[in-house]
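Each chain, written out:
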Amino acid sequence: MSTNRGIYRGAAFSLIAALSLTACGGGDDSSSNPLTGDSDSGGSGKSIVVGSANFPENQLLGEIYAQALEAKGLKVTRKFDIGAREVYYDQVVKGGIGVFPEYNGALLSVAVDKNSTATSTEQVNAELKAKLPSTVEILDSAAAEDKDSVTVTAETAAKYKLKTLADLKPVAKDMTIGAGSEFKTRTQGGVGLKTVYGVEFGKFQPLDAGAQTTLVKLLKSDDVQAANLYTTDPAIVEDKLVVLEDPKNLFSSQNVTPLVYKTAVNDTAKAALNGVSAKLTTEDLLEMMKKLVNDKEDSSTVAKEWLTSTGLVS
């Protein structure tokens, strides 16, 4: 994800704003700076800082993690809506954030090893465990995935006879792709489309990481002819959009996986987070996203309903 992972995402911090926040590294407003405030040391009474990126799905996952930890009697500080992986990853490595809901494939290819060719969940996690900095580790991955995709309308698919990413090669020069700005330079993005499939779009329409709703509208109005959507976006089903198949596995496994600062979580915290991973499916994630995006339900309510339904919270 690659992304970082989603873009259903209404207005959110711009990358520049988030970077300046990180660079400041201080200030009195701990609510806006994930590096300020208490961090937990193995459940010693201080808060475990749970972070999230700046899109609704990741904020929902952060809320699920937070409530699961609180159900075990642990104190939690929420630092949501931080920004893209290029912003928040270093904060986890340095201990400013204790727990972060990650997508394993994007974590590996964007932050840890841009040259990795791992694609399966097992391959990706093995490389992460071998290559992550010593201060952090991944816990158990969920079955739930939210993968990057290149998606088109049914009309565009029919017009150009598109089924797979490879089918784009002869026609992409006449098309505009819309995506988060970081997609253009990522291996699991514009760079990979060119090197793996020989696909180069005529134009690239960058959007802030919080603009998936806008991106879907641009796609439906034909202002862009392809879009980097995430596979749990409810619009794919509702608007009968076509996710182009990826036979060469450009977009690797993207299992929801807790990334933790080792000294911030004790065994109780790890068990709570692994418990979430044991229950969470892609279908669950899609259903929860429908409630968030379509029904405009609050993320804390959606998180609590799911945790209760699975027996993780009574």
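Residues numbered from 1 in each chain as written. Predicted model: local features only at pLDDT ≥ 70, side-chain atom pairs only at ≥ 80, totals over all residues. Heavy atoms only, no water.

When its secondary structure is counted, the protein shows twelve helices and ten strands. Within the protein, the fraction of its 314 residues that count as buried is 52%. As displayed, the protein has an accessible area near 13000 Å², and 49% of this comes from carbon and sulfur atoms. (Helix = DSSP H or I, 4+ residues; strand = E, 2+ residues; numbered from the N terminus. Buried < 20%, exposed > 50% of the residue type's maximum accessible area, 1.4 Å probe, protein only. Areas by Shrake-Rupley, 256 points an atom, 1.4 Å probe, with all protein chains shown as cover.)

Quick look at the pattern of salt bridges now. Counted under the stated rule, the structure contains ten salt bridges. A salt bridge links glutamate 127 to lysine 131; the nearest nitrogen and oxygen atoms lie 3.0 Å apart. Placement of both glutamate 127 and lysine 131 in helix α5 (residues 121–131) is noted, with a separation of four residues, approximately one turn of the helix. Note that glutamate 305 is salt-bridged to lysine 291, the shortest N-O span being 3.3 Å. Pair noted here: glutamate 305 is in helix α12 (residues 299–309) and lysine 291 is in helix α11 (residues 282–293), with a separation of 14 residues, a long-range link. Assessed through its relative accessible area of 36%, glutamate 305 is described here as partly exposed. Overlapping salt bridges bring together Glu63, Glu70 and Arg78 as one network. (Salt bridge = Lys/Arg side-chain N within 4 Å of Asp/Glu carboxyl O.)

With 85% of its residues at a pLDDT of 70 or more, the protein has an overall mean of 86. This model gives residues 1–44 a pLDDT under 50, and the stretch forms 130 contacts once residues within four places in sequence are excluded. (pLDDT = per-residue confidence, 0-100. Contact = heavy atoms within 4.5 Å.)

Attention shifts here to the side chain of threonine 156. Tracing the backbone through its elements, the reader meets threonine 156 in helix α6 (residues 154–160). For threonine 156, a relative accessible area of 7% translates into the label buried. Setting aside residues up to four positions removed in sequence, threonine 156 forms contacts with Leu162, Met175, Asp222 and Gln225.

The sheet built from five strands is open, its strands ordered β7-β6-β8-β5-β9 with mixed pairing. Looking at the sheet topology across the chains shown, the edges are occupied by β7 (203–207) and β9 (242–243). For strand β5 (residues 148–152) and β9, the ladder comprises two bridges, and the chain directions are antiparallel. Paired with valine 152 across the strands is valine 242, a residue of β9. Each of β5, β6 (176–180), β7 and β8 (226–230) touches helix α8 (residues 212–220); the most contacted strand, β8, lies at about 145° to it. (Pairing = 2+ DSSP bridges. Axes fitted to C-alpha atoms, helices over the stretch in contact; angles between N-to-C directions.)

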